[in-house]
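Structural overview
Okay, here's what each chain looks like letter by letter:
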Amino acid sequence: MPFSFLLLVLAALAVVSYRFGTARARAVAPGRQSQLHSRPMYHGLYAAIWCGVPALIVATAWVAFQPVLVKGLVMGGLPDSYSALPEARLNLIWNDIRNLALGDVVRAQPAPEIQAAADTFHRLYAIGNAALAVLCLALAIAGTSYALKRVSMSLRARNQVERVITVFLVLSSLVAILTTVGIVLSLLFESLRFFGKVPPLEFLFGLHWSPQTALRADQVGSSGSFGAIPLFTGTLLISLISMCVAVPVGLMSAIYMSEYAHRKFRAVAKPLLEILAGIPTVVYGFFAALTVAPFIRRLGEGVGLSVASESALAAGLVMGVMIIPFVSSISDDVINAVPQSMRDGAYALGATKSETIRNVIVPAALPGIVGGVLLAVSRAIGETMIVVMAAGLSANLTFNPLDAVTTVTVQIVTLLTGDQEFDSAKTLAAFALGLVLFCVTLGLNILALHVVRKYREQYE
Amino acid sequence: MSEMTAVSGTPGRRTRDLVAAGIGRRYRAERRFRIFGLVAIASALVFMALLFMSIIGKGYSAFVQTEIRLPVAYAVSVIDPDGTRNLDDMRRANYGKLYRDGIQSLFPDVTSRQDRRVLNGLVSSGASFQIRDAVFEDQSLIGKSGEIWVPASDDVDMLVKGKIDRNLPESARRVSDQEIAWIDALEKDGRLATRFNWRFFTNGDSREPELAGIWGAVVGSFLTMIVTLALSFPLGVATAVYLEEFAPKNRWTDIIEVNINNLAAIPSIVFGLLGLAVFLQFFGLPRSAPVVGGLVLTLMTLPTIIIAARVSLKSVPPSIREAALGLGASKMQMVTNDVLPLAMPGILTGTIIGMGRALGETAPLLMIGMVAFIVDIPGGFHDPATVLPVQIYIWADSAERAFVERTSAAIMVLLTFLIIMNAAAVFLRGKFERRW
């Protein structure tokens, strides 16, 4: 791993220039250190920044764009007959070239022009890596010597170092924005390409989902159909089942914890409940598929019902359990925010504890609880592993919880795992589903935050 | 006023009677409500207990493995026919023949070709690697004969562990009566034993359940977590410091704040789509690589770390800041020398919790190809790798009966890691938390 090695070398160089910088600052003002504008440490940091930062920027940019650049050069160097080929075919050729150049096992004897391209690839990478190393080291040394030359009594090293740190802070806080922009752009871009092949109305309101596109155009069902309604209803059904578990159990345990439970009971039971939130979803999925689903199936057969082996009920139940701690911790916060004076007022009128809770506290906390439930719904909709492992793949348009249904997230995973070309409607459909998922969860979150914020102010 | 007189007219008795008549009912409702609450908590805890019991019950047996003690003749003619002791040639030798000869020598009366093939099937194909490793470790074995413990095939393992029911009719079970007879004969000879399954901890993935291990996935998880930690910790702390200590209160910082809160609630699979479109398609980074997994998980854990770090920074009292500024520190000096060290325990706790979530995350990694079948142990950040939760997913999907216990055992390992991390977080919080 040459890049990690380069980073290590740069870090070592930065440490060295830090030492040089502090030593130089001390040497500039022997015995009169208090007259230095900045403490020697800052001169050291100043030198280290000049040593490391320019080289690091160049190295990062290089690593990010090298693959794209190399691909362009290599593919551009192929004979003209290749440039007319369709994109999918070109991608395959590109893979061949890469495998050849990276020394993987390749099928048969490659064509001479492919072999030549692979050699170019290899050479470009070798040149690139060597050039990068030389460039970075040169930048590091040049930067250090520039910084060391500037060290003097009046150099405002601290201000400059602080300015660099501030810039770093601002840039870091932009990463969050960039992430959102990246998500929106990549989803939108791919979805638009999908909607170029399948009309949006057919996607959003079609009743039939079978994305299997055939290999040859003359096969039956070669086009595939992308009506997502069965996925939406499946998602809603499973979310609904999970809410039927999570809301009553989560709410009642929050009420018991905050109004009835002894302090010691609370200290034990609350962290225990929170363990449920820390269990990875893949574990829940395994449990749902291997223990809960067969159990429900046997139970159903016992009373004479036919239950699908991948029933929506099993996935929904387990997902509900996963969400319990989420509902209960939000409800707990909201219930504790209800002012004590309201409880005291109800008790003074002779209400029992449960009457106070049902008639005073829960109505007062209701907006917050609703907000929490909305957030929980958005989690249930976006939850992936439980449904991938325990719910089915067949897109049935049904509201029977004993049937198998499929969900948006399951389809995204099945459409995108395994090797496919990136341009087929099948792969792009996953991005369109992702866009729907993103919009719905975002909408639910904004709505929930709005509800919570609007009503929280009532008691403050 | 008139109502007052109406009530006092029948000197207060009616109200009191009403209350007294209803009080029993109301107290019963009170008790019922209380019991509902207890039942809710109990049902959640019971479910959790069931989950743990089911996983431990299914998985504990994966820590042992049925092995067979075979007589092996380390024949020169097979291992090193040319007598050159060339290691490359010796690596390619047909060690499979050695274990097959070994098991057949135990049952000399089995002669038909088909029966012999079934008999060979009792021993795992991994036996040839085991014999090869033994030869490479001690070359003086060549030409001698000895005994060696080799893994049994997964069906034998399942039968010995009682996961295949002997009492089923022969047609309904995977192991025939003949095979059971052989297994019993081996057991009577003391040639069959369950021993500690070290392969589970040292091997990579395999199509053969008895050879499959988690080490490849553990290394993959470790590499991915290193990338995640190295990126998300500095970025998260820097963002939190900026928003909490430096940022002016304006529209722009409001947008950043709302953004971070929304990112925290976006389904993880969407981050996988982002990784696929941006890191793999646009930047051309390799599929299945820990570096890409780390990048995706970084974006996912950033909000958690930022939010925890901000809470922690907020809890440092303003008097600390004022004292530092009063002594002539610059704002940056105040933050780096005074505020950050005091907030660090809280930030570290939040980071550990965020890393715990990243360690258990599966869905986004499926999108970037970490779900591939990978036998080799990854050696670097660009090698194809998988991670522990994805390995669990892959095994849970496998058809072989023996993968169920491997899956459960891998879950136990994953949960152990998570428990250690969370215990560390709780410990940090308890030890360094300061109340001002």
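Since we're looking at a predicted model, the values are computed, not measured.

1. Observations concerning the overall build of chain B
Counting secondary structure elements, chain B contains 19 helices and 3 strands. Computed over its C-alpha atoms, the radius of gyration of chain B comes to 32 Å, more than 25% above the 22 Å expected for a compact globule of 436 residues. With the principal axes as the frame, chain B shows a C-alpha extent of 110 × 75 × 40 Å. Considering chain B as a whole, with its 436 residues, one finds that 42% of them fall into the buried category. Once local pairs closer than 6 in sequence are excluded, the contacts in chain B between residues at least 24 apart make up 76%.

2. Description of the overall build of chain A
Each helix and strand in chain A was counted, giving 16 helices and 2 strands. Taken over C-alpha atoms, the radius of gyration comes to 31 Å for chain A, far larger than the 23 Å a tight globule of 460 residues would show. Principal-axis analysis of the C-alpha atoms gives chain A an extent of 80 × 75 × 35 Å. A fraction of 74% describes how many contacts in chain A between residues 6 or more apart in sequence connect residues 24 or more apart.

3. Remarks on the environment of Ile446 of chain A
Inspection of the secondary structure puts Ile446 of chain A in helix H16 (residues 425-456). Along the backbone, Ile446 of chain A and Gly371 of chain A are 75 residues apart, and their C-alpha atoms lie at a distance of 9.7 Å.

4. Notes on the domain arrangement of chain A
The assigned domain composition of chain A is domain 1 (2-155) and domain 2 (225-459). Each of domain 1 of chain A and domain 2 of chain A has a C-alpha centre, and these two points are 47 Å apart.

5. Looking at the nonpolar core
In terms of nonpolar packing, the biggest core is built from 183 residues, with Ala288, Ala315, Val318, Ile386 and Ala390 of chain A touching the most fellow members. Each residue touching Val318 of chain A, except ones within four places of it in the same chain, is listed here: Tyr284, Phe287, Ala288, Val292, Ile386 and Ala390 of chain A. Grouped together as the second largest cluster of nonpolar side chains are 27 residues, Leu70, Val123, Ile131 and Val135 of chain B included.

6. Topic: the interface of chain B and chain A
In this assembly, 67 residues from chain B lie in contact with 71 residues from chain A. The element that contributes the greatest number of residues to the side of chain B that touches chain A is helix H2 (residues 13-59) of chain B, accounting for 17 residues. For the side of chain B that touches chain A, a count of residues per class yields 47 nonpolar, 17 polar and 3 charged.

7. As for unusual backbone geometry
Not every positive phi belongs to a glycine, and Ser288 of chain B is a case in point at roughly 60 degrees. The exposure class assigned to Ser288 of chain B is buried, which follows from the 22 C-beta atoms found within 10 Å.

8. Brief notes about the confidence of the model for chain B
Residues and elements named next belong to chain B. On average, residues of chain B carry a pLDDT of 88, and 97% of them reach 70 or more. Within the model, pLDDT remains below 50 along residues 1-9, and this stretch shows 2 contacts once partners closer than five positions in the same chain are excluded. Both confidence scores are given for the complex: pTM 0.88, ipTM 0.89.

9. Notes on helix H12 (residues 251-265) of chain B
In this model, H12 of chain B (15 residues) spans 22 Å end to end at C-alpha, consistent with the 21 Å of a helix rising 1.5 Å per residue. Residues of H12 of chain B that are buried: Ile256, Ile260 and Leu263 of chain B. Around the axis of H12 of chain B, the buried residues are gathered within 65 degrees of arc, so they sit on the same side. Pointing more than 90 degrees away from the buried face of H12 of chain B are the exposed residues Arg251 and Asp254 of chain B. Residues of H12 of chain B that are buried sit in contact with helix H6 (157-197) of chain A together with helix H11 (215-246) and helix H14 (290-314) of chain B.

10. Here we look at the sheet that holds strand E1 (residues 64-73) of chain B
Residues and elements named next belong to chain B. As summarised here, the arrangement of the 3 strands in space is E2-E1-E3, forming an open sheet in which the pairing is antiparallel. Edge positions in the sheet fall to strand E2 (145-151) and strand E3 (192-196), since each has one partner strand and no second. Strand-to-strand, the axes of this sheet are offset by a mean angle of 40 degrees, without reference to chain direction. In terms of strand pairing, E1 meets E3 through 5 bridges, oriented antiparallel. Of the residues in E3, the one forming a bridge with Thr66 is Thr194. This element, helix H5 (residues 95-106), spans E1 and E2 of the sheet and lies at about 90 degrees to E1. Sitting on the sheet, helix H7 (residues 127-137) is in contact with E1 and E2, with an inclination near 135 degrees to E2.

11. Observations concerning the confidence of the model for chain A
Overall, the predicted model of chain A reaches an average pLDDT of 86, with 92% of residues at or above 70. Mean pLDDT across the elements of chain A bottoms out in helix H3 (residues 80-83) of chain A (71) and peaks in helix H8 (residues 229-260) of chain A (94).

12. Considering the packing of H6 of chain A against H11 of chain B
Closest axis-to-axis distance for the H6 of chain A/H11 of chain B pair is 8 Å, and the angle between their directions is 105 degrees. Between H6 of chain A and H11 of chain B, the interaxial angle falls into the category roughly perpendicular. Contact residues: Thr166, Phe168, Leu169, Val170, Ser172, Ser173, Val175 and Ala176 of chain A in H6 of chain A; Leu235, Ala238, Thr239, Val241, Tyr242, Leu243 and Phe246 of chain B in H11 of chain B. Residue composition of the contact of H6 of chain A with H11 of chain B, grouped by class: 11 nonpolar, 4 polar and no charged.

13. Re the packing of helix H10 (residues 281-302) of chain A against helix H11 (residues 312-337) of chain A
Residues and elements named next belong to chain A. At a closest axis distance of 9 Å, the pairing of H10 and H11 adopts a crossing angle of 135 degrees. Between H10 and H11, the interaxial angle falls into the category oblique. Pair H10 / H11 crosses with right-handed handedness. Counting all contacts with H10, which are made through Thr281, Tyr284, Phe287, Ala288, Val292, Ala293 and Ile296, the residues of H11 involved are Leu313, Ala314, Ala315, Leu317, Val318 and Met322. Looking at the contact of H10 with H11 residue by residue, the classes come out as 12 nonpolar, 1 polar and no charged.

14. Notes on the domain arrangement of chain B
Partitioning chain B into domains gives domain 1 (2-60), domain 2 (63-209) and domain 3 (215-432). Between the C-alpha centres of domain 1 of chain B and domain 2 of chain B there is a distance of 64 Å.

15. A look at the environment of Asp89 of chain B
Residue and element names in this part refer to chain B. Mapped onto the elements of the fold, Asp89 is located in helix H4 (residues 87-91). Sequence-wise, Asp89 and Ile79 are 10 residues apart; in three dimensions their C-alpha atoms are separated by 8.5 Å. Among residues more than four places away in sequence, those in contact with Asp89 are Asp82 and Thr84.

Reading the values: the criteria
Residues numbered from 1 in each chain as written. Chains lettered and ligands numbered in written order. Predicted model: local features only at pLDDT ≥ 70, side-chain atom pairs only at ≥ 80, totals over all residues. Helix = DSSP H or I, 4+ residues; strand = E, 2+ residues; numbered from the N terminus. Rg over C-alpha atoms; globule rule 2.2 N^0.38 Å. Buried ≥ 20, exposed ≤ 12 C-beta atoms within 10 Å, placed from the backbone. Contact = placed C-beta atoms within 7 Å. Domains from an automatic or database assignment. Core = buried A, V, L, I, M, F, W, Y, C linked by C-beta atoms within 7 Å. Nonpolar A, V, L, I, M, F, W, Y, C, P; charged D, E, K, R; others polar. pLDDT = per-residue confidence, 0-100. Expected span 1.5 Å × (residues − 1). Arc of directions from axis to C-beta. Pairing = 2+ DSSP bridges. Axes fitted to C-alpha atoms, helices over the stretch in contact; angles between N-to-C directions. Parallel < 35°, antiparallel > 145°, perpendicular 65-115°, else oblique. Left-handed = near helix turned anticlockwise from the far one by under 90°.

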